[in-house]
Amino acid sequence: PEKQLLKTEKIELPLRHKILSMSAIVAIVGRPNVGKSTLFNRMIKRRDAIVDEISGVTRDRHYGKSDWNGREFSLIDTGGYVVGSDDIFEKEIDKQVELAIDEADVIIFVVDVTAGVTGMDDEVAQLLRRANKPTFLAVNKVDSALREVDAVEFYALGLGAYYTISSINGSGTGELLDAVVEKLPEDSGVVEEELPRFSVVGRPNAGKSSFINALLGEDRYIVTDIAGTTRDSVDTKYNRFGFEFNLMDTAGIRRKAKVKEDLEFYTVMRSVRAIEHSDVVMLVLDATRGFEGQDLNIFWLAERNRKGIVILVNKWDLVEKETNTVKQFEAYIRKQIEPFTDVPIIFISALSKQRIFKAIETAVEVYNNKTKRIATSKLNDTMLPIIEHTPPPSHKGKYVKVKFCTQLPTPTPQFAFFANLPQYVKDPYRRFIENKLRENFDFKGVPVQVYFRKK
Ligand code: GDP
Ligand code: GDP
């Protein structure tokens, strides 16, 4: 956490476009067992593991952040999303590669030197050759120089030069990463305007398009079409219900590939970019289907990226209601997003336009919470008495004394508490402090970070 803090301090800046500068997306594709997830784990930042430990929640193990030579990017292990028998594998893999081509900025195609070129490798290569995407062929499991020679046969895939790597011992991966970051698009996220940026995400058929239509009606609320911050995405500036905001369209309307299947991979790929580019994520659920794996994955994706979150339980018109239905549904969702339960949940119907205004109003509220600054004096006046009353538990007879706290000038709420022995403050106490912050200052819908530092 200490290291993380320093890192965040570095990005402290009032300039919004820097805050929004988005990470490019790198997708790892290839057939099963070639070593994709091993490579993914090697490339992923340790930081994520630490974050996971702190929150004690199992997260999506196939999406993460990585950086190399100072370039940060999002990494997706597409193979992690494959489920099913060998039969559907081939078709699924084709689909995944197509989606990766659509959504990623750079593709790493992993093959296995010990298996040689297989039919499925050929098929994937064919798709990749036709696509106009920077692609790197990584011949994996080259654990020793002896296997270098065997790698030659992969020239036959027609993808040009390849990189021999060993995901297990790391050899060759540095060269591969050098080449990958070289091809990442330049940060183009120059946004002059200080407008909230919202995205509407959720799995296919949850009702995202219907919600956007209900929210915006026809095009008359569009103020301007801002040229997309990336080649394939479109941000549109709207003025609706008296609120001005940018909306990132993920409903797929403008997308080339019309994949309607409910693949987890599809949902993640479609959501990553939108989530990263927004301040507040509106996660649309289909009430008749509950809140499950895919929805949770999107939720954690947003949380991990420290975005504001509003959960919209859509198709509420289809649910048979009794006195406690709303309460029960809400409790069911909150249970699953523990320990981050302070998230607004709104029951809507895109079809009958029920609570559409409430949804957008809440998103604006969350945005305000996310950008809120608590004056240092007020923060200390509130928090120090609480800490005095309930101090961190002593550790080996030593007492932690907190002297001072302040909100860091970061794009999302982060608080530093200065103490004599910060290393003795454990997670439960950190969470206690977070809860007290939430009780005293409204941070509904916003991930909050609490650090203890040496004073
Ligand atoms: P995925 O299905 O493509 O994600 O493949 P995994 O990452 O799960 O790896 C499949 C198997 O190959 C596992 O038993 C790994 O330990 C092994 N493996 C992965 N990378 C290497 C490597 O560089 N060298 C060797 N010898 N084995 C590897
Ligand atoms: P998307 O894939 O998330 O963009 O979902 P769509 O907006 O295309 O909606 C999927 C289906 O759900 C369509 O048939 C919609 O008419 C239907 N739908 C969306 N919202 C609602 C709702 O609030 N109530 C009901 N009953 N149906 C809805």
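Refer to the preceding data block for the structure.
No experiment lies behind these values; they were computed from the predicted model shown.

### Concerning the sheet that holds strand E5 (residues 135-140)
Move 1: Overall, mixed pairing links the six strands, which are arranged E2-E3-E1-E4-E5-E6 in an open sheet. Looking along the sheet, the strands with just one partner apiece sit at the ends: strand E2 (63-68) and strand E6 (162-164). Averaged over all pairs of adjacent strands, the angle between their axes in this sheet comes to 30°, without regard to strand direction.
Move 2: Across three bridges, the pairing between E5 and E6 is parallel. Among the inter-strand pairings, Leu-137 is bridged to a residue of E6, identified as Tyr-162.

### Concerning the nonpolar core
Move 1: Phe-109, Val-139, Met-282, Leu-283, Leu-312 and Val-313 are the most contacted members of the largest nonpolar core, which totals 115 residues.
Move 2: Sorting elements by how many residues they give to this core places helix H13 (residues 356-370) first, with seven residues.
Move 3: Once residues within four sequence positions are removed from consideration, Leu-312 is found in contact with Phe-211, Met-282, Leu-283, Val-284, Leu-285, Ile-346, Ile-348 and Ala-359.

### Some details on the environment of Gly-116
Move 1: Inspection of the secondary structure puts Gly-116 in the loop between strand E4 (106-112) and helix H6 (119-130).
Move 2: With 35 residues separating them in the primary sequence, Gly-116 and Ala-151 have C-alpha atoms 7.9 Å apart.

### Observations regarding the site of ligand 1
Move 1: Contacts to ligand 1 come from 15 residues, most closely from Gly-35, Lys-36, Ser-37, Thr-38 and Lys-141.
Move 2: Sort the elements by how many residues they give to the shell around ligand 1 and helix H3 (residues 36-43) lands first, with three residues.
Move 3: Taken together, the residues of the shell around ligand 1 sort by class into three nonpolar, nine polar and three charged.

### A look at the site of ligand 2
Move 1: Near ligand 2 there are 16 residues, and of these Gly-207, Lys-208, Ser-209, Ser-210 and Leu-351 occur at the shortest range.
Move 2: In terms of residues, the shell around ligand 2 owes the most to one element, helix H9 (residues 208-216), which gives three residues.
Move 3: Each residue belonging to the shell around ligand 2 can be placed in one class, and the counts come to six nonpolar, seven polar and three charged.

### Overview of helix H15 (residues 427-440)
Move 1: Helix length check: H15, at 14 residues, gives a terminal C-alpha distance of 20 Å against a target of 20 Å (1.5 Å per residue), a fit within 8%.
Move 2: The complete set of buried residues in H15 reads Ile-433, Glu-434 and Leu-437. For H15, the angular spread of buried residues about the axis comes to 100°, placing them on one side. Exposed side chains of H15 directed beyond 90 degrees from the buried face belong to Pro-428 and Glu-439.

Cut-off values and rules
Residues numbered from 1 in each chain as written. Chains lettered and ligands numbered in written order. Predicted model: local features only at pLDDT ≥ 70, side-chain atom pairs only at ≥ 80, totals over all residues. Pairing = 2+ DSSP bridges. Helix = DSSP H or I, 4+ residues; strand = E, 2+ residues; numbered from the N terminus. Axes fitted to C-alpha atoms, helices over the stretch in contact; angles between N-to-C directions. Core = buried A, V, L, I, M, F, W, Y, C linked by C-beta atoms within 7 Å. Buried ≥ 20, exposed ≤ 12 C-beta atoms within 10 Å, placed from the backbone. Contact = placed C-beta atoms within 7 Å. Near = placed C-beta within 6 Å. Nonpolar A, V, L, I, M, F, W, Y, C, P; charged D, E, K, R; others polar. Expected span 1.5 Å × (residues − 1). Arc of directions from axis to C-beta.

The quantities given are spatial measurements derived from coordinates; they are silent on function.
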